[in-house]
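This is what each chain is made of:
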Amino acid sequence: LAGVGAGLVVMTVLWRFDYRRLANMTTALLVINIVLILLPHVPGLGTTAGMGARSWIKIGMQVQPGEFAKVTVVLFAASLLARYQGTLDDWREYCKVLGLLLVPFACIMTQPDLGTGLVYMAISAVVLVMGGAKARYLLLTVAAGVAAIAAVFAVDELLKYQLPDGTWEYRLLKNYQRRRLLVFLNPEADLSGDGYNLAQAKIAIGSGGLFGKGIGNATQSTHGFLPEAPTDFIFCVLAEELGFVGVVALIALYAALIAICLSIARAADDLFGMLIVMGVVGMWLFQILENIGMDCGLMPITGIPLPFVSYGSSFMVVNFALIGLIGSVWSHRSMQGRKAA
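Just so it is clear, the model here is predicted, and its values are computed rather than measured.

**Student:** Now, about the overall build of the protein chain: what can you tell me, with residues and values included?
**Tutor:** A count of helical and extended segments in the protein chain gives 13 helices and five strands. What you see for the protein chain is a C-alpha radius of gyration of 21 Å, in line with the 20 Å of a compact globule of 341 residues. By the burial criterion, 44% of the 341 residues in the protein chain qualify as buried. Sequence separation of 24 or more characterises 66% of the internal contacts of the protein chain that already satisfy a separation of 6 or more. As displayed, the protein chain offers around 16,600 Å² of accessible surface, 69% of which is attributable to carbon and sulfur atoms. Computed over 23 positive and 21 negative side-chain charges, the separation of the two mean positions in the protein chain equals 10 Å.

**Student:** Could you give an account of a nonpolar patch on the surface, with specific residues and numbers?
**Tutor:** Judged by side-chain polarity, Val 152, Val 155, Leu 158, Leu 159 and Leu 172 come together as a nonpolar surface patch covering roughly 430 Å² of accessible area. Here Leu 158 shows up in helix H6 (residues 135–159).

**Student:** Please provide a residue-by-residue account of the environment of Phe 76, values included.
**Tutor:** Turning to its location among the elements, Phe 76 is positioned in helix H3 (residues 65–82). Judged by relative accessible area, which is 1%, Phe 76 ranks as buried. Linking Phe 76 and Ile 215, residues 139 residues apart in sequence, is a C-alpha distance of 41 Å. Look past the residues within four positions of Phe 76 in its chain and what remains in contact with it is Thr 26, Leu 29, Leu 30, Asn 33, Leu 100 and Leu 101.

**Student:** How would you explain the packing of aromatic side chains if you had to name every residue and give the values?
**Tutor:** In this structure the tally under the stated criterion is five aromatic pairs. Taken together, the ring pairs connect Trp 284, Phe 308 and Phe 320 into an aromatic cluster.

**Student:** Lay out H3 with the relevant residues and their values.
**Tutor:** Compared with the 26 Å implied by 1.5 Å per residue over 18 residues, the 26 Å span of H3 between its first and last C-alpha is a close match. Along H3, the largest kink reaches about 30° and is centred on Val 71. H3 sits mainly inside the fold: 17 of its 18 residues count as buried.

Parameters and conventions
Residues numbered from 1 in each chain as written. Predicted model: local features only at pLDDT ≥ 70, side-chain atom pairs only at ≥ 80, totals over all residues. Heavy atoms only, no water. Helix = DSSP H or I, 4+ residues; strand = E, 2+ residues; numbered from the N terminus. Rg over C-alpha atoms; globule rule 2.2 N^0.38 Å. Buried < 20%, exposed > 50% of the residue type's maximum accessible area, 1.4 Å probe, protein only. Contact = heavy atoms within 4.5 Å. Areas by Shrake-Rupley, 256 points an atom, 1.4 Å probe, with all protein chains shown as cover. Lys, Arg positive; Asp, Glu negative; His and termini not counted. Charge placed at Lys NZ, Arg CZ, Asp CG, Glu CD. Patch = residues over 30% accessible without salt bridge, like charges linked within 9 Å, V, L, I, M, F, W, Y side chains within 5 Å. Salt bridge = Lys/Arg side-chain N within 4 Å of Asp/Glu carboxyl O. Phe/Tyr/Trp six-rings, centres within 6.5 Å; stacked < 30°, edge-to-face > 60°. Expected span 1.5 Å × (residues − 1). Bend = angle between axes of the 7 residues up to and from the residue.

As structure tokens, then:
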């Protein structure tokens, strides 16, 4: 509730703010990104949580700077690509842009926080596509990304070492990250161990039936069977309480939100405004598909929350802030843009 309250204030301020004032602040936005993401490494300020990730700072309350950096990543990517006026066909310029867009990802991996890093990449990918990057360069980038992932696993196999208890430790990927991928590939392999979370998630979703058990009657989460119920697996709680009808209604609300954003992007006066909205759309779509997909066993399990639903004040403030940015693009459109909307 505190996150919602603060988020509404931030949303109102950004809605009234003229987003065009940020169009030429690419360098400053990049610096802000780096500072925000690396803030948890400051001695005495950062704290460790979750799977050992150093993603939080403590300033009276715990705050996750990497979440707030999602706003600046959107603005930075939009500002960077807007410079090319919708055409990015020089390979040297493309490589330079790609390198700059990878800076926030490289910084967040020092925590490490792969889930948030993937969100940064989703934002950058959508802005690259909508910003006019040549299709051939995009395909080569995807191929290089796949090759890099394969190389990481191959090198990790070569560098692994055995601990005194007989287990293997890897140098590049955390053990829990490898286990999540193995569970995705074979979810039935270890139902009482690494596959437990996914198994309980599926039970929760299936037990909701058509109309659900009712608000507060979700036995999987209230009895402690479902892990991370308020955050990563919140969709399972909704499915159990509200059933198939309830989650279809939730997905319909998301679809309406995305449709409205696309309409605002189409009516934007400039490329910068359009790229801001599309960057936010890319972020939300990725988080929605990944969160719901991982709960159903269709995507690997990552720590990616569900927009406007998962618990977390930092996350809630960020989502409202992004609504404010979209509102700014909408409210500052010209008369021609108003007709287009």
